[in-house]
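# Architecture and fold: a report
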Amino acid sequence: MTEIKQNERVDLTGFGSIGIIQDPGEFCYGVDSVLLADFCAGLIKKTGTFTRIMDLGTGSGIIPLILCHKTPAGTIYGIDIQENSVDRALRSSHLNDLEDRLNFMVADVKDFVEENGDLKGTFDAVTCNPPYFVDGGGIKPDNPARLISRHETTAGLEDFIRCASELLRDKGDLFMVHRPSRLCDIFQAARKYSLEPKTLRQVVPRRGETANIVLVHMIKNGGSDLSVLPELAVHDNKGNYTEELREAYL
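Reading the values: rules and limits
Residues numbered from 1 in each chain as written. Predicted model: local features only at pLDDT ≥ 70, side-chain atom pairs only at ≥ 80, totals over all residues. Heavy atoms only, no water. Helix = DSSP H or I, 4+ residues; strand = E, 2+ residues; numbered from the N terminus. Rg over C-alpha atoms; globule rule 2.2 N^0.38 Å. Buried < 20%, exposed > 50% of the residue type's maximum accessible area, 1.4 Å probe, protein only. Contact = heavy atoms within 4.5 Å. Areas by Shrake-Rupley, 256 points an atom, 1.4 Å probe, with all protein chains shown as cover. Lys, Arg positive; Asp, Glu negative; His and termini not counted. Charge placed at Lys NZ, Arg CZ, Asp CG, Glu CD. 1 Å grid on protein atoms, 1.4 Å probe; cavity = no way out; pocket = protein on both sides within 12 Å on 5 of 7 lines; lining within 4 Å. Points joined across faces, edges and corners; volume = space filled by probe spheres on them. Nonpolar A, V, L, I, M, F, W, Y, C, P; charged D, E, K, R; others polar. Core = buried A, V, L, I, M, F, W, Y, C linked by side-chain atoms within 4.5 Å. Disulfide = S-S within 2.5 Å. Pairing = 2+ DSSP bridges. Salt bridge = Lys/Arg side-chain N within 4 Å of Asp/Glu carboxyl O. Polar contact = N/O pair within 3.5 Å; in protein donor to acceptor, adjacent residues only side chain to side chain.

Bringing the overall build of the protein chain into the picture now. Helix and strand counts for the protein chain come out as eight helices and eleven strands. Taking 2.2 N^0.38 as the reference for a compact globule, 250 residues should give roughly 18 Å; the C-alpha atoms of the protein chain span a radius of gyration of 17 Å, in line with that estimate. Seen along its three principal axes, the alpha-carbon backbone of the protein chain occupies a region of about 50 × 50 × 40 Å. Looking at the protein chain residue by residue over its 250 residues, the buried ones come to 52%. Within the protein chain, contacts between residues at least 6 apart in sequence are counted, and of these 71% link residues at least 24 apart. Taken as a whole, the protein chain presents about 11300 Å² of accessible surface, with 48% of it coming from carbon and sulfur. Distance between charge centroids for the protein chain: 5 Å, based on 28 positive and 37 negative side chains.

Dropping the structure here:
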């Protein structure tokens, strides 16, 4: 039986019967993680070639859990610097009988490849939902776990992109969710580490509103040809999820 610790709860994700162990006092996943997993899974369904995936800054493992439901990928890794989060991810993999497909590790993206050289260049795809705010930017939460999850206190955007590039095979795919305000930083770092932005999609709270989330797909050593997809609205004018957002939960 899977241990559920004090202050934790098991939340149904909406992806089949998959549940996730979360601590509401620390950090719970949001719609950005769901959109990123769906963004990645969409290409996997088209190509059918992804067998090894790495999720950087995995938190409690929501993206690997969703990808297990949405794709046939046989091996999915997730790393995070927060021990409590990785512990919950490991127990969630046990809860869902997915230990044979999921591998979670406590690690810092800054030196992960250096310390795990056997994994360099071995992944078909990398997903990444890094901290959105630069150190010193935005309103800092008092909770240390939430601070690390949303602010670049330990590793910055460039660290995540460099790590992703080192882990990917040639022509491997990086999928990232971030804020539109960081697009220039993303593109600059991507090209520095041989990752070419290929697809961009902005996410808006409602039609006609300013985008607050952006999804970016990059290819290692890919050609320069960026496609901009139609924006995706999360809510309709009644405050309900749009049909397209609901489809992300299939």
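Quick look at the layout of surface pockets now. Any empty space left between atoms is shown by rolling a water-sized probe over those atoms. Its boundaries defined by the atoms lining it, the largest pocket holds a volume of some 500 Å³. Taken together, 20 residues line the largest pocket, and the ones lying closest to its centre are Asp38, Phe39, Gly42, Arg201 and Leu229. It is helix α1 (residues 31-47) that contributes the most residues to the lining of the largest pocket, eight residues altogether. Grouping the constituent residues of the lining of the largest pocket by class yields ten nonpolar, three polar and seven charged.

Position of Leu250 relative to the elements: it lies in the segment after α8 (243-247). Sequence separation between Leu250 and Ile66 is 184 residues; the distance between their C-alpha atoms is 10.0 Å. The residues contacting Leu250, other than those within four sequence positions of it, are Phe15, His69 and Lys70.

Turning our eyes to something else, we now look at the nonpolar core. Grouped together as the largest cluster of nonpolar side chains are 37 residues, with contacts concentrated most on Ile53, Leu67, Ile76, Leu102, Phe175, Val203 and Leu215. For this core, the secondary-structure elements that each account for two or more residues are α1, α2 (62-70), α3 (83-95), β5 (102-106), β7 (168-178) and β9 (213-220). A per-element tally of this core places α1 first, with eight residues. The contact partners of Phe175, leaving out residues within four places of it in the chain, are Leu36, Phe39, Cys40, Leu43, Phe50, Ala125, Val126, Thr127, Cys128, Val216 and His217. Ile161, Ala164, Leu168 and Leu174 belong to the second largest nonpolar core, which has 32 residues in total.

All told, the structure shown has zero disulfides when counted by the stated rule. Cys40 takes part in no disulfide bond, and the closest cysteine sulfur to it belongs to Cys68, at a distance of 12 Å. This cysteine, Cys128, is not joined by any disulfide, and Cys163 carries the nearest cysteine sulfur, 8.6 Å off.

Turning next to the pairing of β5. Sheet faces and side chains relate simply in a regular strand, where the side chains alternate between the two faces. Bridging between strand β4 (residues 75-80) and β5 involves five bridges; their strand directions are parallel. If you follow Ile79 over to β5, its bridge partner there is Met105.

This part is about the pattern of salt bridges. Evaluated as defined, the whole model comprises 17 salt bridges. Where Arg207 meets Glu231, a salt bridge forms, and the shortest distance between an N and an O atom there is 3.7 Å. You can see Arg207 sitting in the loop between β8 (195-204) and β9 and its partner Glu231 sitting in the loop between β10 (227-228) and β11 (232-233), a full 24 residues away along the chain. For Glu231, a relative accessible area of 32% gives the class partly exposed.

Below, the discussion takes up the side chain of Lys70. With respect to the element layout, Lys70 can be found in helix α2. Judged by relative accessible area, which is 8%, Lys70 ranks as buried. Of the polar contacts made by the side chain of Lys70, one reaches the backbone oxygen of Ala248; its length is 3.1 Å. Excluding residues that lie within four positions of it along the chain, Lys70 makes contacts with Phe15, Asp38, Ala41, Lys45, Glu247, Ala248 and Leu250.

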